[in-house]
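Summary of structural features
So the chains spell out like this:
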Amino acid sequence: MPWGPLWGRLSDGQSRLKSRLRPNWPPSNWVFISRPIGNRPSPLAASQSGPKAVQLLFSCACHNAHMQEVNIGIVGLGNVGSGTLAILAGNADQIALKLGFRLKVTAVCCRTVATKRIPESLGPVFRTPDWREVVAHPDVDIVAELVGGTSVAAEIVDAAIANRKSVVTANKELMAACGPEIWDRAIRAGINVAMEASVAGGIPIHAVLREGISGDRITALYGILNGTCNYILTEIEKRDAPLETVLAEAQQLGYAEADPSADLDGIDARSKLAILAALAFGEKITPSDIFMEGIRRISPLDFHYAHQLGHTIRLICAARQTPEGLILSVRPALIPRSTILAGVQGAYNAVWVKGTYGEDTFYYGRGAGSLPTGVAVVSDLMRVARE
Ligand code: HSE
């Protein structure tokens, strides 16, 4: 078989990254500059914290008849953008209750904006096919960049930062390639950048690495980070279906990238691993540091052989700390069928983190799709608006 077991030794040509500590990336404390946005007063007095503050927050949300708003501009109304919009409309009251103020969508942009249905409950929303009008709009406090790719998306993020507007993005490719530079510019401009939706859709793995287990020293991270590949692999396994058939289904379900090569060849998973490994190990990691092999060569026959060995096959993103440095790879791997990663089916993602002190933790959820990724975007909007 062309791939090795997950826990095996690396073959020649696989990346071994020497330690390159870079204090600014990833930001060790990705809690942003506390600057009031728009005309919103802080719902909490600085001295208040804990249950009393939560109580105040809720009562503020419930009783303030003149509730203030933070204004959102959304650029990109594709799969993730439309999920984000649906959640901001459908869950508006819950969000306001939790924040103590409303998130208001004031502007949206996409090339075919005239044909897009905007939920009526959002009220009047400025629509434009020109992203510049959203970024420069005086009634936009936070820009959600949901177009993907690295060319126009980079311009949008740069322009938002230049306009001193905070940015929420789902763009793994851009953040893996240019995250440190974007972050440096954001710090200088005194604004926030949040990117939870860029990796593992509905799993809040950034928050876990940034805060939840930041006190641990991580020794290894293994992830299933591409929903399309995991969907394809599990369907080939279940139905003996050819890869092309299952890929078409994944595209219909809204999991696959515009160019599915990014999924099949491991490029998407590699960008996600670069971001997660940077957060987990505190090093600057670029996608080219990571060995990559996709799933194009896998056929139903491979699963028959794997099963005879008591294994299955998954596209595994791995980052391991060794005395020689980090070892990083994205490749199809044999996984013992008895392990928790082998049970990750369909478009679900999972991340297994090994720490020196806290040992093993495991995170699981939908890794792709309009609404799960939309939840990550909306939660980032809430966090940025709060901060
Ligand atoms: N194409 C990606 C995937 C979308 O399948 O995981 C979510 O990043």
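Residues numbered from 1 in each chain as written. Predicted model: local features only at pLDDT ≥ 70, side-chain atom pairs only at ≥ 80, totals over all residues. Heavy atoms only, no water.

Some remarks on helix 6 (residues 172-189)
Compared with the 26 Å implied by 1.5 Å per residue over 18 residues, the 22 Å span of helix 6 between its first and last C-alpha is markedly short. Where helix 6 bends most, at C178, the angle is about 80°, and the proline P180 comes one to four residues later. Within the sequence span of helix 6, burial applies to K172, L174, M175, A176, G179, P180, I182, W183, D184, A186 and A189. Elements that come into contact with the buried residues of helix 6 comprise helix 5 (152-162), strand 6 (166-169), strand 7 (193-194) and helix 11 (267-281). Capping of helix 6 at its N-terminal end is provided by N171; its side-chain oxygen lies 3.3 Å from the backbone amide nitrogen of E173. Once helix 6 ends, the next one or two residues include G190, with phi positive near 70°. (Helix = DSSP H or I, 4+ residues; strand = E, 2+ residues; numbered from the N terminus. Expected span 1.5 Å × (residues − 1). Bend = angle between axes of the 7 residues up to and from the residue. Buried < 20%, exposed > 50% of the residue type's maximum accessible area, 1.4 Å probe, protein only. Contact = heavy atoms within 4.5 Å. Polar contact = N/O pair within 3.5 Å; in protein donor to acceptor, adjacent residues only side chain to side chain.)

With respect to the pattern of salt bridges
For the structure on display, the rule yields 18 salt bridges. Between D268 and K172 there is a salt bridge whose closest N-O contact spans 3.0 Å. You can see D268 sitting in helix 11 and its partner K172 sitting in helix 6, a full 96 residues away along the chain. Looking at K172, the relative accessible area reads 16%, which means it is buried. The partner of E293 in a salt bridge is R297, and the shortest N-O contact between them spans 3.3 Å. (Salt bridge = Lys/Arg side-chain N within 4 Å of Asp/Glu carboxyl O.)

Considerations on the confidence of the model for the chain
The predicted coordinates should not be examined in detail at positions where pLDDT is low. Summing up the model confidence of the chain, the mean pLDDT is 87 and the portion of residues at 70 or higher is 83%. Predicted confidence is poor over residues 1-14, with pLDDT under 50, and the contacts of this stretch with residues over four places away or in other chains come to 37 contacts. pLDDT under 50 marks residues 18-23. Its contacts with residues more than four places away, or in other chains, come to twelve contacts. (pLDDT = per-residue confidence, 0-100.)

With respect to the pairing of strand 6
In strand 6, alternate side chains face the same way, and those of S166 and V168 on one face and V167 and T169 on the other are all buried. The pairing of strand 5 (residues 142-145) with strand 6 spans four bridges and is classified as parallel. Along strand 6, the bridge assignment pairs E145 with T169. In the classification by handedness, the crossover that spans strand 5, the intervening helix 5 and the parallel strand 6 is right-handed. With two bridges joining them, strand 6 and strand 7 adopt parallel strand pairing. (Pairing = 2+ DSSP bridges. Right-handed = clockwise from strand over helix to strand, strands pointing away.)

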